[in-house]
Amino acid sequence: MSPNGPLTDDGLVQLLTPTGARVHDTTYDPLVAHVTPEDLRGMYRDMVLVRRFDSEATALQRQGELGLWAQSLGQEAAQVGSGRALRPQDYVFPSYREHGVAHVRGLDLTDILRQFRGIDHGGWDTEAHNFHLYTLVIGSHTLHATGYAMGVQRDGAVGTGDPERDTAVVTYFGDGATAQGDVNEALVFAAVNNAPLVLFCQNNQWAISEPTTHQARVPIADRGKGFGVPSVRVDGNDVLASYAVTLQALERARSGGGPTLVEAFTYRMGAHTTSDDPTRYRSAAEEEYWRQRDPIDRLRLHLTAIDELPQEFLDEVDAEAAALGEHVRRTVHGFTAPPTSSMFEHVYSTPHAVVDAERAWFEGYEASFVTGAAEGSAR
């Protein structure tokens, strides 16, 4: 790894090494002191299940069942660790590969596949889990998250001291999004309004085929300093460190301390999406280097070292993963196309004259085909 620039290892918060050894940190140890071996096994289970879901979705796309798929392979620790730091009242604005966060928030992961199947605008009730719809426009949702966080602040749900009321907002985005104007505008508004927001950047080192080194000359977390936003870099393949860093940032937000930029330094082990071929722009040696730093392997090694990974538990997780795979396949194969008129539903929260007019025109357009077919059969 480069000793300088955006890919440096310097300054990364790490509590578990790639070989599973526990690293002690005077700042973050107190934040994970309550984490039990059972909690760690829960994180392991979450990561294994999310990876199985991801692999099933990838296979389904290859079989023509999905139009596209964005893998989260290799980024499970950053997502599961940060997601487990959230409280029920906190609100999440994801981009389009936060499957691990969705799982932790309680979504049936097959609901995500409705969007990638092309039969729904999103696929789930955002209010049921405080988890917004996936956003395919790079970086735009960070502004939505900032506005929502400012609303939470104005509703008086910050800094009250009531742990069931105080609320934080977190938005997830990739390293490529930091080159977009929307993310920088979100940092401006979050900073000057002291919004209760965590901006969680998963730096997986590749914005499609463009490396982070073509996007920044310094670590991405350093950008927060220019906006007056506290920033931290964390080893994104370390689920325990990702949990601790996010917990600290969320607590700052809920207490009225304002926003935090978290850079989770990780690696996209798979393709950007199923329409991408990463072998065209990165080496096998680089992929192998990061394969040796697999986040699931890291936690498994740690649990094994502390004698907290019984075979019975592993068998249960394997069985649950197999059942999840079957559920995903069965659900997707059972998807049916909705009425085409459904594309006009839920576009706005209130009636909208333009949408109503477009719906009426489209219904007439479709009816003309039905009428024509009937006339043709009569003749």
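Residues numbered from 1 in each chain as written. Predicted model: local features only at pLDDT ≥ 70, side-chain atom pairs only at ≥ 80, totals over all residues. Heavy atoms only, no water.

From N to C terminus, the chain includes 13 helices and eight strands. Relative to its length of 379 residues, the chain is compact, with a C-alpha radius of gyration of 22 Å against a globular reference of 21 Å. Dimensions of the chain, computed from the C-alpha atoms along their principal axes, are close to 85 × 50 × 40 Å. By the burial criterion, 51% of the 379 residues in the chain qualify as buried. For the chain, long-range pairs separated by at least 24 residues make up 75% of all intrachain contacts whose partners lie at least 6 apart in sequence. Averaging the coordinates of the 31 positive side-chain charges in the chain and doing the same for the 52 negative ones gives two points 3 Å apart. (Helix = DSSP H or I, 4+ residues; strand = E, 2+ residues; numbered from the N terminus. Rg over C-alpha atoms; globule rule 2.2 N^0.38 Å. Buried < 20%, exposed > 50% of the residue type's maximum accessible area, 1.4 Å probe, protein only. Contact = heavy atoms within 4.5 Å. Lys, Arg positive; Asp, Glu negative; His and termini not counted. Charge placed at Lys NZ, Arg CZ, Asp CG, Glu CD.)

Mapped onto this numbering, the UniProt entry gives "domain: Dehydrogenase E1 component" (unreviewed entry) at residues 45–323. This span, residues 45–323, is 43% helix and 11% strand, and a straight line between its end C-alpha atoms measures 13 Å. (UniProt positions renumbered as here; feature names shortened; annotations may be inferred.)

This next bit is on the packing of helix α6 (residues 140–154) against helix α7 (residues 181–192). It is at 7 Å that the axes of α6 and α7 come closest, and there the two elements cross at 15°. The pairing of α6 with α7 is recorded here as roughly parallel in orientation. For the element pair α6 and α7, the recorded crossing hand is left-handed. Note on element contacts: α7 touches α6 through D182, V183, E185, A186, F189 and A190, opposite S140, T142, L143 and T146. Classifying every residue of the contact of α6 with α7 by side-chain character gives five nonpolar, three polar and two charged. (Axes fitted to C-alpha atoms, helices over the stretch in contact; angles between N-to-C directions. Parallel < 35°, antiparallel > 145°, perpendicular 65-115°, else oblique. Left-handed = near helix turned anticlockwise from the far one by under 90°. Nonpolar A, V, L, I, M, F, W, Y, C, P; charged D, E, K, R; others polar.)

On to the packing of helix α1 (residues 37–62) against helix α11 (residues 295–305), then. Relative placement of two packed helices is described by the angle separating their axes and the distance separating the axes. Their axes nearest at 10 Å, the elements α1 and α11 cross at an angle of 150°. Relative to α11, the element α1 is oriented roughly antiparallel. With respect to the hand of their crossing, α1 and α11 are arranged in left-handed fashion. On α11, the residues that touch P37, L40, R41, M43, Y44, M47, V48 and R51 of α1 are P295, I296, L299, R300, H302 and L303. When the residues that make up the contact of α1 with α11 are grouped by side-chain class, the tally is 10 nonpolar, one polar and three charged.

If you look at the biggest cluster of nonpolar residues, it comprises 68 residues, and the most contacted ones within it are L113 and L299. Contacts of L113, omitting those with residues within four sequence positions, involve F53, A57, L66, W69, V328, V332 and F335. By size, the runner-up hydrophobic cluster in this structure holds 23 residues, among which are Y91, F93, A177 and L261. (Core = buried A, V, L, I, M, F, W, Y, C linked by side-chain atoms within 4.5 Å.)

Looking now at the pattern of salt bridges. Pairing between side chains of opposite charge can happen when their charged atoms approach one another. Under the counting rule described, the total for this entry stands at 21 salt bridges. Between D276 and R268 there is a salt bridge, and its shortest N-O distance comes to 3.8 Å. With respect to class, D276 is no different from R268; both count as buried. Across the salt bridge formed by D297 and R300, the nearest N and O atoms sit 2.6 Å from each other. (Salt bridge = Lys/Arg side-chain N within 4 Å of Asp/Glu carboxyl O.)

Another aspect to go through is unusual backbone geometry. Look at N130: it is not a glycine, yet its phi comes out positive at around 50°. You can see N130 is positioned in the loop between α5 (126–129) and α6.

Of all six residues that make up strand β3 (residues 169–174), five are buried, and the element is covered over most of its length. Bridge count for strand β2 (residues 91–93) against β3 is three bridges, and the pairing is parallel. Paired with Y91 across the strands is V169, a residue of β3. Between the parallel pair β3 and strand β4 (residues 197–203), the chain is carried across by α7, and the sense of this crossover is right-handed. (Pairing = 2+ DSSP bridges. Right-handed = clockwise from strand over helix to strand, strands pointing away.)

Below, the discussion takes up the sheet that holds β4. Where strands meet in a sheet, backbone hydrogen bonds hold them as pairs that are either parallel or antiparallel. If you walk across this open sheet you meet the six strands as β1-β7-β8-β4-β3-β2, and the pairing is parallel. Sheet topology places β1 (12–13) and β2 at the edges, where each strand pairs with a single neighbour. Set on the sheet, α6 makes contact with β2, β3 and β4; between it and β3 the angle comes to about 170°.

The terminal C-alpha atoms of α7 lie 17 Å apart, and with 12 residues this matches the ideal 16 Å at 1.5 Å per residue to within 8%. Among the residues of α7, those classed as buried are V183, A186, L187, A190 and A191. Buried residues in α7, looked at end-on, bunch into an arc of 125°, giving them a common side. Those residues of α7 that are buried lie in contact with α6, β3, β4 and α8 (223–227). Phi for N194, located one or two positions after α7, is positive at around 50°. (Expected span 1.5 Å × (residues − 1). Arc of directions from axis to C-beta.)

With that out of the way, let us pick up the side chain of H99. Within the element layout of this structure, H99 appears in helix α3 (residues 99–104). Judged by its relative accessible area of 0%, H99 is buried. Within the local environment of H99, its side chain forms a polar contact with the side chain of Y134, the two groups lying 2.8 Å apart. Discounting residues that sit within four places of it in the chain, H99 has contacts with V50, F53, D54, W69, A70, Q71, S72, Q79, L109, I112 and Y134. (Polar contact = N/O pair within 3.5 Å; in protein donor to acceptor, adjacent residues only side chain to side chain.)

So, on to the packing of aromatic side chains. By convention here, two paired aromatic rings are described through the distance between centres and the angle between planes. Summed over all chains, the structure comprises 19 aromatic pairs. Ring centres of F265 and W290 lie 5.8 Å apart, and the angle between their planes is 75°; this geometry places the pair in the edge-to-face category. On the criterion of sequence distance, the pair formed by F265 in strand β8 (residues 260–265) and W290 in helix α10 (residues 284–291) is long-range, its members being 25 residues apart. Under the relative-accessibility criterion, F265 is labelled buried at 1%. On the basis of relative accessibility, which here comes to 7%, the residue W290 falls in the buried class. Site record: aromatic cluster; members linked through ring pairs are F53, W69, F116, W124, F131 and Y134. Sitting over the face of the ring of F265, R233 holds its NZ or CZ atom 5.3 Å from the ring centroid. The ring of Y289 carries R293 above its face, with NZ or CZ at 3.7 Å from the centroid. (Phe/Tyr/Trp six-rings, centres within 6.5 Å; stacked < 30°, edge-to-face > 60°. Lys NZ or Arg CZ within 6 Å of the ring centre and 35° of its normal.)

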